[in-house]
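What follows is each chain in one-letter form.
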Amino acid sequence: MQITVDMNLCESHGQCVFAAPEVFSFDDDDYLVHRGEASDALRDKVEKAAAVCPVRAISVSPDQP
């Protein structure tokens, strides 16, 4: 699956980090870092992370062939 974060919307609330720490984290300057892709095994966590984002900055889409 492809994960996109609109960094213009992201306010670093960190809810995604709590929901899917395998995919989302903060760097040393407290900016969000994320993997652009994740396995389907993490789909539930990533979709939850997108759902709990208070500014809806995260979108999830299927892998492109």
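Here the structure is a predicted model, which means the values were calculated and not measured.

Asker: How should I be thinking about helix α2 (residues 43-52) in this particular structure?
Answerer: For an α-helix the count is 3.6 residues per turn, leaving residues at separations of three or four pointing the same way. Those residues of α2 not exposed but buried are Val46, Ala49 and Ala50. Buried residues of α2, viewed axially, fall in a sector of 95 degrees; they line one side. In α2, the exposed positions that point more than 90 degrees away from the buried face belong to Asp44 and Lys48. On its buried face, α2 is in contact with β1 (2-5), α1 (15-19), β2 (24-26) and β4 (58-61).

Asker: Just checking my understanding: could you explain empty space enclosed by the protein for this structure?
Answerer: Unfilled space is identified by rolling a water-sized probe across the atoms. Scanning all chains against the criterion turns up 1 cavity of 30 Å³ or more. Put simply, the largest cavity is a space of about 90 Å³. Lining the largest cavity are 13 residues, with Cys10, His13, Gly14, Cys16 and Cys53 positioned closest to its centre. Taken together, the residues of the lining of the largest cavity sort by class into 8 nonpolar, 4 polar and 1 charged.

Asker: How do you make sense of the nonpolar core when you look at a structure like this?
Answerer: The tendency in soluble globular proteins is for nonpolar side chains to be buried side by side. Ranked by internal contacts, the top residues of the largest apolar core, which has 18 residues, are Ile3, Cys16, Val23, Phe24, Ala38, Val46 and Ile58. At the level of secondary structure, the elements contributing two or more residues to this core comprise β1, α1 and α2. With residues near it in sequence (within four places) discarded, Ile58 still touches Ile3, Thr4, Val5, Cys16, Phe24, Ala49, Ala50 and Cys53.

Here is what the cut-offs are and how they apply
- Residues numbered from 1 in each chain as written.
- Predicted model: local features only at pLDDT ≥ 70, side-chain atom pairs only at ≥ 80, totals over all residues.
- Heavy atoms only, no water.
- Buried < 20%, exposed > 50% of the residue type's maximum accessible area, 1.4 Å probe, protein only.
- Helix = DSSP H or I, 4+ residues; strand = E, 2+ residues; numbered from the N terminus.
- Arc of directions from axis to C-beta.
- Contact = heavy atoms within 4.5 Å.
- 1 Å grid on protein atoms, 1.4 Å probe; cavity = no way out; pocket = protein on both sides within 12 Å on 5 of 7 lines; lining within 4 Å.
- Points joined across faces, edges and corners; volume = space filled by probe spheres on them.
- Nonpolar A, V, L, I, M, F, W, Y, C, P; charged D, E, K, R; others polar.
- Core = buried A, V, L, I, M, F, W, Y, C linked by side-chain atoms within 4.5 Å.

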